[in-house]
Amino acid sequence: MIFKLQNSINQRVVVPSGFGVELYMKREDAIHPFISGNKYRKLKYNIEEAQKLGFKKLLTFGGAYSNHIAAVAFAGKTFGFETIGVIRGEEVGGKIQENSTLLFAQSCGMQFEFVSREVYRNKNSEDFIESLNHIYKGFYLIPEGGTNLLAVKGCEEILIQSDINFDYISCAVGTGGTISGIINCSQPRQQILGFPALKGSFLQEDISKFANKLNWKLILDYHFGGYAKTNDKLIHFINDFKKENSIPLDPIYTGKMMYGIFNLIKKGYFPVGSKILAIHTGGLQGILGMNKTLKHKKRPLIE
Ligand SMILES: *Cc1c(COP(=O)(O)O)cnc(C)c1O
């Protein structure tokens, strides 16, 4: 079976008036109702490679609500691979029934290996990979978050010819694979803005390894306290945005990016006449898990 992905449409978004900018969202979330569009693009050439090399199993790593875990499980089912997910947190193993991401992955046939946070931290060590190979024998390894050279190649297909008219292109950043692909297929005159979903400065270096141009910049002010952290302002923004534009945003990546873009527009960051394209990378499967946490804390929910 061949891995084929269609181009996504760009949808106009209502922006704060009086600033003279136009904003569109590239609906990569529409690639699949549950799987993050960018995660699927990152898998495309990895799946092809695994098929070419004759592998029957895919093994990867992720947290309990990982978009990447869901995507690998689904791709494995679609393309006939067994899948193994090494999941952070031993305690998660007893709570699969409460976890929509893992239930979905399991329904796609994924097997789980739950490991302590300590073991997980050393997941790239030779000893650990060796011990996994002992149990699962002969797997194609996909790194956490799915980012490698072939993943970046997949993300170089996000922009298409008609996108050359945009002045700014923005995307949410986790491991940096997606933005690297976007940089590589952008025009040198376009500015690529990345909104990291987590704190830390390692990203700059990681992206530099994959990116073939210097027309990019990370905007570090909109992580809302760190990965998977939220506040009520962000949740209200996501709900208002959906009402106004009929576009759902996820609370971990795309919600923070759009909040950031709106904030920058109001601050006059973009010159009058700017055309901005924001990539909707998906992540909507994470809303269920986040709402569970929010409900527990008696905070507003994502509608
Ligand atoms: C993983 C993910 C990202 C970040 O992608 P990276 O290539 O890891 O930087 C952005 N948005 C969504 C919805 C994701 O799932």
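Residues numbered from 1 in each chain as written. Predicted model: local features only at pLDDT ≥ 70, side-chain atom pairs only at ≥ 80, totals over all residues. Heavy atoms only, no water.

Concerning the domain arrangement of the protein chain
As assigned here, the protein chain comprises domain 1 (10-32 + 156-296) and domain 2 (38-146). On a C-alpha basis, the centres of domain 1 and domain 2 stand 26 Å from each other. The interface is formed by 15 residues belonging to domain 1 together with 16 residues belonging to domain 2. Here domain 1 packs against domain 2, burying approximately 1,400 Å² in sum over the two surfaces, 47% of which is carbon and sulfur. Here domain 1 and domain 2 share two salt bridges between them. Across the pair Glu-157 and Lys-44 runs a salt bridge whose closest N-O atoms are separated by 3.0 Å. Applying the counting rule to domain 1 against domain 2 returns nine residue pairs in polar contact (both at pLDDT 80 or more). Of the residues forming the side of domain 1 that touches domain 2, the biggest block, four residues, is contributed by helix α11 (residues 286-296). A class-by-class count of the residues in the side of domain 1 that touches domain 2 yields four nonpolar, eight polar and three charged. (Domains from an automatic or database assignment. Contact = heavy atoms within 4.5 Å. Buried area = accessible area lost by both parts, 1.4 Å probe. Salt bridge = Lys/Arg side-chain N within 4 Å of Asp/Glu carboxyl O. Polar contact = N/O pair within 3.5 Å; in protein donor to acceptor, adjacent residues only side chain to side chain. Helix = DSSP H or I, 4+ residues; strand = E, 2+ residues; numbered from the N terminus. Nonpolar A, V, L, I, M, F, W, Y, C, P; charged D, E, K, R; others polar.)

Concerning the UniProt feature "domain: Tryptophan synthase beta chain-like PALP" (unreviewed entry) in the protein chain
Per the UniProt record, "domain: Tryptophan synthase beta chain-like PALP" (unreviewed entry) is found at residues 18-282. Split by type, residues 18-282 is 39% helix and 18% strand. Its first and last C-alpha atoms lie 29 Å apart. (UniProt positions renumbered as here; feature names shortened; annotations may be inferred.)

Points about empty space enclosed by the protein
Rolling a probe over the atoms, with the probe sized like a water molecule, indicates the empty space that remains. Under the criterion given, the structure shown has one cavity of 30 Å³ or more. What the largest cavity holds in volume is close to 40 Å³. Considering the residues around the largest cavity, the lining is formed by Tyr-65, Ser-66, Asn-67, Tyr-227, Asp-250, Ile-252, Gly-283 and Gly-286. A breakdown of the residues in the lining of the largest cavity according to their chemical character gives three nonpolar, four polar and one charged. When residues of the lining of the largest cavity are sorted by domain, at least three fall in each of domain 1 (10-32 + 156-296) and domain 2 (38-146). (1 Å grid on protein atoms, 1.4 Å probe; cavity = no way out; pocket = protein on both sides within 12 Å on 5 of 7 lines; lining within 4 Å. Points joined across faces, edges and corners; volume = space filled by probe spheres on them.)

Things to note about unusual backbone geometry
Unlike most non-glycine residues, Ala-228 shows phi in positive territory, near 65 degrees. Using a relative accessible area of 33% as the deciding quantity, one classes Ala-228 as partly exposed. The phi dihedral of Ser-246 is positive, around 55 degrees, even though this residue is not glycine. Within the secondary structure, Ser-246 sits in the loop between α9 (232-245) and α10 (254-266). (Buried < 20%, exposed > 50% of the residue type's maximum accessible area, 1.4 Å probe, protein only.)

Structural notes on the sheet that holds strand β3 (residues 57-62)
Read from one edge to the other, the open sheet built from four strands follows the order β5-β4-β3-β6, with strand pairing classed as parallel. A single partner strand is all that each edge strand has here, and the edge strands are β5 (111-115) and β6 (140-142). Direction aside, the axes of adjacent strands within the sheet are offset by 20 degrees on average. As defined by bridge partners, β3 adjoins strand β4 (residues 82-88) across six bridges and the pair is classed as parallel. (Pairing = 2+ DSSP bridges. Axes fitted to C-alpha atoms, helices over the stretch in contact; angles between N-to-C directions.)

Concerning the side chain of Thr-60
Along the chain, the position of Thr-60 falls in strand β3. When its relative accessible area of 0% is taken as the criterion, Thr-60 is described as buried. A distance of 2.7 Å separates a polar atom in the side chain of Thr-60 from a polar atom in the side chain of His-68. Setting aside residues up to four positions removed in sequence, Thr-60 forms contacts with His-68, Ile-69, Val-72, Ile-84, Gly-85, Val-86, Ile-142, Pro-143 and Glu-144.

Section: the state of the cysteines
Applying the stated criterion across every chain yields a total of zero disulfides. Cys-155 provides the cysteine sulfur closest to Cys-171, a residue in no disulfide bond, and the two sulfurs are 8.4 Å apart. (Disulfide = S-S within 2.5 Å.)

Notes on the site of the ligand
As a structural note, the neighbourhood of the ligand is formed by 17 residues, with Lys-39, Lys-42, Thr-175, Thr-178 and Thr-281 the closest of them. Gly-177 is positioned with one of its backbone polar atoms (N or O) 3.2 Å from an oxygen atom of the ligand. When isolated, the ligand has an accessible area of 380 Å², and the protein chains bury 99% of it. Counting only elements with at least two residues in the shell around the ligand, the list comes to α1 (37-52), β7 (168-173) and α7 (177-184). Tallied by class, residues from the shell around the ligand come to three nonpolar, twelve polar and two charged. Composition of the shell around the ligand by domain shows at least three residues from each of domain 1 (10-32 + 156-296) and domain 2 (38-146). (Near = heavy atom within 4 Å. Areas by Shrake-Rupley, 256 points an atom, 1.4 Å probe, with all protein chains shown as cover.)

Focus: the sheet that holds strand β10 (residues 275-280)
With mixed pairing, six strands are arranged side by side in an open sheet as β1-β2-β10-β7-β8-β9. Each end of this open sheet is capped by a strand with a single partner; those strands are β1 (10-13) and β9 (216-218). The sheet shows a mean angle of 25 degrees between the axes of neighbouring strands, taken without regard to direction.

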